[in-house]
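One-letter residues, chain by chain:
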Amino acid sequence: MGDIKYNAEVRDLTRIERIGAHSHIRGLGLDDALEARVVSQGMVGQVRARKAAGVILNMIREGKIAGRAVLLAGQPGTGKTAIAMGMAKALGEETPFAMMAASEIFSLEMSKTEALTQAFRKAIGVRIKEETEIIEGEVVEIEIDRPEGGSAAKQGKLTLKTTEMETIYDLGSKMIDSLHKEKVSAGDIIAIDKASGKVTKLGRSFARSRDYDAMGPATKFVQCPEGELQKRKEVVHVVTLHEIDVINSRTQGFMALFSGDTGEIRSEVREQIDSKVSEWREEGKAEIVPGVLFIDEVHMLDMECFSYLNR
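Residues numbered from 1 in each chain as written. Predicted model: local features only at pLDDT ≥ 70, side-chain atom pairs only at ≥ 80, totals over all residues. Heavy atoms only, no water.

1. A look at the overall build of the chain
Stated formally: By definition, any uninterrupted DSSP run of H or I lasting at least four residues is a helix, any uninterrupted run of E lasting at least two residues is a strand, and each is numbered from the N terminus. When accessible area is computed with a 1.4 Å probe and restricted to protein chains, residues below 20% of their type maximum are described as buried, those above 50% as exposed, and intermediate ones as partly exposed. With residues, only the protein chains shown are counted as cover, and all accessible areas are computed by Shrake-Rupley using a 1.4 Å probe.
Each helix and strand in the chain was counted, giving 9 helices and 12 strands. Taking all 311 residues of the chain together, 37% fall into the buried category. Of the roughly 18900 Å² of accessible surface on the chain, a fraction of 50% belongs to carbon and sulfur atoms.

2. What about helix α5 (residues 173–181)?
Heads up, the rule is: Comment: arc refers to directions from the helix axis out to C-beta atoms. In what follows, residue pairs with any heavy atoms lying within 4.5 Å of each other are defined as contacts.
Among the residues of α5, those classed as buried are M175, I176 and L179. All buried residues of α5 project into a common sector of 105 degrees when viewed along the axis, lining one side. For α5, the exposed residues set more than 90 degrees away from the buried face come down to K174 and K181. Packed against the buried residues of α5 are β4 (124–145), β5 (155–161), β6 (166–171), β7 (188–193) and β8 (199–205).

3. Structural notes on the environment of A84
Its location among the elements puts A84 in helix α3 (residues 80–91). Residue classification places A84 among the buried residues on the basis of a relative accessible area of 4%. It is 9.7 Å that separates the C-alpha atoms of A84 and R50, two residues lying 34 residues apart in sequence. Every residue in contact with A84, bar those within four places of it in the chain, is listed here: L72, F97 and F294.

4. Description of the confidence of the model for the chain
Stated precisely, the cut-off is as follows: Confidence scores labelled pLDDT are given residue by residue by the predictor and lie between 0 and 100.
When pLDDT is averaged across the chain, the result is 79; 84% of the residues are at 70 or more. Mean pLDDT across the elements of the chain ranges from a minimum in helix α1 (residues 10–14), with 42, to a maximum in helix α4 (residues 112–122), with 89.

5. As for the pairing of β8
As a reminder of what qualifies: Only strands joined by at least two bridges in the DSSP assignment are considered to pair.
As defined by bridge partners, β7 adjoins β8 across 5 bridges and the pair is classed as antiparallel. Each residue of the ladder has a partner; that of I189, found in β8, is G203. Linking two consecutive strands that pair antiparallel, namely β7 and β8, is a turn of 5 residues; a positive phi of about 80 degrees is found at G197 within it.

6. Concerning the environment of Q118
Take Q118: it is sitting in helix α4. Sequence spacing of Q118 and E264 is 146 residues, and the spatial spacing of their C-alpha atoms is 8.9 Å.

7. Things to note about the side chain of R121
Examined against the element boundaries, R121 turns out to sit in helix α4. The exposure class assigned to R121 is buried, which follows from its relative accessible area of 9%. Excluding its chain neighbours within four sequence positions, the residues that come into contact with R121 are T240, L241, H242, D245, R270, I273 and D274.

8. A word on the packing of α4 against helix α6 (residues 241–248)
For clarity, the cut-off: Axis geometry follows a simple rule: fit a line to the C-alpha atoms, using only the stretch in contact for helices, then measure angles between N-to-C directions, giving values from 0 to 180 degrees. Ten residue types, Ala, Val, Leu, Ile, Met, Phe, Trp, Tyr, Cys and Pro, are classed as nonpolar, four, Asp, Glu, Lys and Arg, as charged, and the remainder, Gly among them, as polar.
Two elements in contact, α4 and α6, have axes separated by 6 Å at closest approach and are oriented at 120 degrees. Along the contact surface, α4 presents Q118, R121 and K122, while α6 presents L241, H242 and D245. Tallied by class, the residues present in the contact of α4 with α6 amount to 1 nonpolar, 2 polar and 3 charged.

Below you can see the structure in the form of structure tokens.
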């Protein structure tokens, strides 16, 4: 199969959260003594259950409950899904959280064990570290030439500076579109990945903090970078094992991530990916991020599914 591929921008796609019944939850709402606050982090009520979930959370962090299952039982609407979501959020923003309903397994065009395997691998993340060349600086000026006819490609110039130097870069139409997408303006601190051309807005320069701009509470101010504009930096990407499976599956490919229809993935592909990820771990290039798999309506599963889950 050759080298294992992963896509750094997959996470940007999958981390998009829709507004839903539990999108406001940011944790379990516990204090340092694992006592539940009345209203905190989007949680209210179910004090004893939240405290018990906090104990489980500490066991997960200490690696004492790996591979075990926790059963949350209760009437509909009593907060089972909310507690599971709160546990995932409390573990960290990068913690993978996979949610599925047991009834889905019987309507998918794949075997039940394959559906469960994919769900498990969606809940296991891989934090991959790599060095990349970036251009990082404060935007002094952006000049964009728009041709009158509209048919010719847009061109422009970008002036970036650090505390020690200032450079002008020529822009192509792709880079101009990236800057527009990130809504970059003069005074912003940006980083440009030289390999992919991806533009990341790091914040607003402290030098512009006194400008009379309309700025919201989320505006982040950062210092103007020092030294050279071009530098090597360690970049960290977090992807799930399932996303790596899909990208390296020849029958599905990267576009299956957008459609959601991944089909069955061959066991040989997974074995090669597992061995490669193990190599990355030994070399210090990657580390495993354990996540949470929440199966709703678990009583709908049959003996075959429970047998597979308890292997």
